[in-house]
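Observations on chain architecture
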Amino acid sequence: MMTRLNTLWIQYVLFLIILIGLFFFLGMWEIFFSGPQGIHFIRQTDSLSFASQYFNCGYHFFEPKLFNLNNIEGKAACEFPITYYFTALLYAIFGKNVLILKLLHFIILSTGVFFIFRLSYLLIKDYFYAIAICLFLFTSTVFNYYSFNYLPDAPALGFTFLGWFFISEYLNDKKKKTLVASFVFFTLGSLLKVTYLINPLTILILALFTVFSKRDAIIPRTIAKKILFWGALGLSIVLLWNIYILYYNSIHDSNYFYTKPLPIWNLSKDRITEVWDYMRNHWHAKYFAYSSFQFLYIILLFQIIFIKKSNYKLSLLTLILFLGSLSYFILFYSQFKDHDYYFLAFFPLAIFVIINGLKTLQNISKNKYLHVATKLILSVIIIVGINYSRMKLHSRYENTDDDFSKISQLIRENKEAIEKLNFPQQSKFIIAPDPCPNGGLFFLDRMGWNIGKKEDITVGKIDYYRDLGADYLLLVSDDSEFLSIDEISSELTFKGKGIEIHKLKNTTDNE
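By convention here, each chain's residues receive numbers from 1 onward along its written sequence. At least 70 in pLDDT is required for a residue's local features to be given in this predicted model, at least 80 for side-chain atom pairs to be given and counted, and no such filter applies to totals for whole chains, interfaces and linings, which use all residues. Hydrogens and water molecules were not included; the side-chain quantities draw on all heavy atoms of the structure.

**Here's the deal with unusual backbone geometry**
Note that the residue after alanine 432, namely proline 433, is joined by a cis bond; omega there is -15 degrees. You can see proline 433 is positioned in the loop between strand E1 (429-432) and helix H18 (439-444). Phi is positive for glutamate 73, which is not a glycine, with a value near 60 degrees. Strands here are runs of E lasting at least two residues and helices are runs of H or I lasting at least four, both read from the DSSP assignment and numbered beginning at the N terminus. As for its placement among the helices and strands, glutamate 73 is situated in the loop between helix H2 (41-57) and helix H3 (82-94). The class of glutamate 73 is partly exposed, set by a relative accessible area of 46%. Even without being a glycine, asparagine 422 presents a positive backbone phi close to 55 degrees. Of note, asparagine 422 is situated in the loop between helix H17 (415-419) and E1. Type-normalised accessible area, obtained with a 1.4 Å probe on protein chains alone, sets the label of each residue: buried when under 20%, exposed when over 50%, and partly exposed for intermediate values.

**Describing the pattern of salt bridges**
Whenever Lys or Arg places a side-chain nitrogen within 4 Å of a carboxyl oxygen from Asp or Glu, that contact is recorded as a salt bridge. For the coordinates displayed, the defined rule picks out 13 salt bridges. The closest approach of N and O atoms between arginine 466 and aspartate 463, which form a salt bridge, is 2.9 Å. Residue arginine 466 and its partner aspartate 463 are both found in helix H19 (residues 459-467); the two are separated by three residues, about one turn of the helix. For arginine 466, a relative accessible area of 9% puts it in the buried group. Judged by relative accessible area, aspartate 463 falls into the partly exposed class, the value being 26%. Across the pair glutamate 500 and lysine 495 runs a salt bridge whose closest N-O atoms are separated by 2.8 Å. On the basis of relative accessibility, which here comes to 8%, the residue glutamate 500 falls in the buried class. Residue lysine 495 is classed as exposed on the basis of its relative accessible area, which comes to 54%.

**Structural notes on the packing of helix H9 (residues 198-211) against helix H10 (residues 221-251)**
The interhelical angle for the contact between H9 and H10, taken along N-to-C directions, is 140 degrees, at an axis separation of 9 Å. When the axis of H9 is compared with that of H10, the two are oblique. Crossing of H9 over H10 shows left-handed handedness. Touching Leu201, Ile203, Leu204, Ala207, Leu208, Thr210 and Val211 of H9 are Arg221, Ala224, Lys225, Ile227, Leu228, Gly231, Ala232 and Leu235, all from H10. For the contact of H9 with H10, the per-class residue count stands at eleven nonpolar, two polar and two charged. As a rule, the C-alpha atoms of each element are fitted with a line to give its axis, helices using only the stretch in contact, and angles between N-to-C directions run from 0 to 180 degrees. We call two directions roughly parallel when the angle between them is under 35 degrees, roughly antiparallel when it is over 145, roughly perpendicular when it lies between 65 and 115, and oblique otherwise. Should the near helix be turned counterclockwise from the far one by less than a right angle, the crossing is left-handed, whereas a clockwise turn marks it as right-handed. In this analysis, two residues are considered to be in contact whenever any of their non-hydrogen atoms come within 4.5 Å of each other. Note on residue categories: nonpolar means Ala, Val, Leu, Ile, Met, Phe, Trp, Tyr, Cys or Pro, charged means Asp, Glu, Lys or Arg, and polar means any other residue, Gly included.

**Some thoughts on the side chain of threonine 202**
Among the secondary structure elements, threonine 202 is positioned in helix H9. When its relative accessible area of 1% is taken as the criterion, threonine 202 is described as buried. The contact partners of threonine 202, leaving out residues within four places of it in the chain, are Trp164, Leu317, Ile320 and Leu321.

**Concerning a nonpolar patch on the surface**
A contiguous nonpolar surface patch, about 560 Å² in accessible area, is contributed by Leu8, Trp9, Tyr12, Val13, Leu14 and Ile17. Within the secondary structure, isoleucine 17 is located in helix H1 (residues 8-25). What makes isoleucine 17 exposed here is its relative accessible area of 53%. The patches described consist of residues with a relative accessible area above 30% and no salt bridge, like charges being joined within 9 Å and nonpolar side chains (Val, Leu, Ile, Met, Phe, Trp, Tyr) within 5 Å. Residue exposure ignores everything except the shown protein chains as possible cover, and the areas themselves are Shrake-Rupley values with a 1.4 Å probe.

**Some points on the sheet that holds E1**
Spatially, five strands are ordered E2-E1-E3-E5-E4 in an open sheet, and the strand pairing comes out mixed. Taken across any chain shown, the strands that pair with only one partner, and hence form the sheet edges, are strand E2 (448-450) and strand E4 (490-495). Across this sheet, the average inter-strand angle for adjacent strands is 20 degrees, counted without regard to direction. As defined by bridge partners, strand E3 (residues 472-476) adjoins strand E5 (residues 499-504) across five bridges and the pair is classed as antiparallel. Bridged to leucine 473 within E5 is histidine 502. Set on the sheet, helix H16 (residues 406-413) makes contact with E1, E3 and E5; between it and E3 the angle comes to about 105 degrees. Think of it this way: DSSP has to see at least two bridges between two strands before they count as a pair.

**A closer look at helix H15 (residues 368-398)**
One less than the residue count of a helix, multiplied by 1.5 Å, gives the span that helix is expected to have. End to end, H15 covers 45 Å across 31 residues, agreeing with the expected 45 Å (1.5 Å per residue, within 8%). For H15, the complete set of buried residues consists of His371, Thr374, Leu378, Ile381, Ile382, Gly385, Ile386, Tyr388, Ser389, Leu393, Arg396 and Tyr397. In this structure, the buried side of H15 is in contact with H1, helix H5 (127-137), helix H6 (141-147), helix H11 (269-287), helix H12 (290-305) and helix H14 (347-364). With a side-chain oxygen positioned 2.9 Å from the backbone nitrogen of tyrosine 369, the residue opening H15 is asparagine 367. Polar contact is defined as a pair of N or O atoms within 3.5 Å, subject to the rule that within protein one atom must be able to donate a hydrogen and the other to accept it, and that residues adjacent in sequence are counted only when both atoms are side-chain atoms.

Here's what the structure looks like:
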């Protein structure tokens, strides 16, 4: 059996079978055709808005645009929009479908996971351990939830996994194409989420260490300079994109996305405690199953205790990656309170902790029974963890109703009736109340403005947006009583399930 696994196409087929099995077991099939929902609905609709606006407004790659006009012309930039752009191209073939973007993200991440299997086998030479390391990832609810989602963190992680495999393969066989491929993928991952830059930086630090010391460390001196060249090129591209983001957002008066770190030293003691408590008591069980965390702690302690038996190169790499991950945690500490997906950036570190721990065990003893026992324990941890994650994931899929998605859901329910009204594509809407800047506008497929709170729906606010070019006001029916519609120069155009649409009259015409 193990000999047959050496055939790459058999590995692909087995991986695909396991992946499909997990997809159904974890319940992802339940949301296969579902649009954005649940936790971080706002960020999901932001991502979909980028893709949709490329399709609506022309394929101008370096002019990413949202639906909300609080930015000049809706223009705003954050992550490198390659997946959004490609999704828009697929829209031209298959039509607009919310499945396309999350399926694309899932394919990228899944490909990365397969190459983690190949990386693990390359370093450990044991198929069972290699498979187990991949399956360990699925004991994380955060990993499973965002793997089939719209946020860019999952494909960033997938590209990073690919980068680690190809750089490891290059160090093994010295083929230039694998060196180039590694930094292509590292760069793509860092462009999607700059926080993943800690991974190529780890390799560059090792290369620098080699150049300025007498030891080869992980990287032979003969190839360290080649790595520095391609790494510097990748870093330059990431730097240029981030400079462009700042420039693009500044000229379009956009401050919608965070483009700066939020370090721990800028926070008060109370805020630091608040974030930590939230991570420890709310998110902790979603990061990994408890048994998975215990396994990570034990295997980390194990390799520290038996440091002399560990692989020097792997240990040094893991240590530098740990320091990089710690720096990332400190620099973006505040974000960990409300953004569970920030934890995904720690997954490469977790992978290397496990690989190095199992490699250390192999160095200590080749005893068959010891490794059989280890594999049985690891199997139990994985089975329990995946089942635990399945229950947590099911809970997330069920709890989809919240204030952020309320009006978007109403628009979806009235979508067919609204489309029959044939509102001009260039018409602009005010949606109120909608705390999600691009949610309702995305489902309406029109640009405009949102009014976040019920108490902010005033005649003055509506007149302000009317002067900016608003053509229609979409209100939740229950909230239309909160506002005196008679005071607004408008006429009722549509009354559906839970919502009303009013055509705003030009005030100059009434004078």
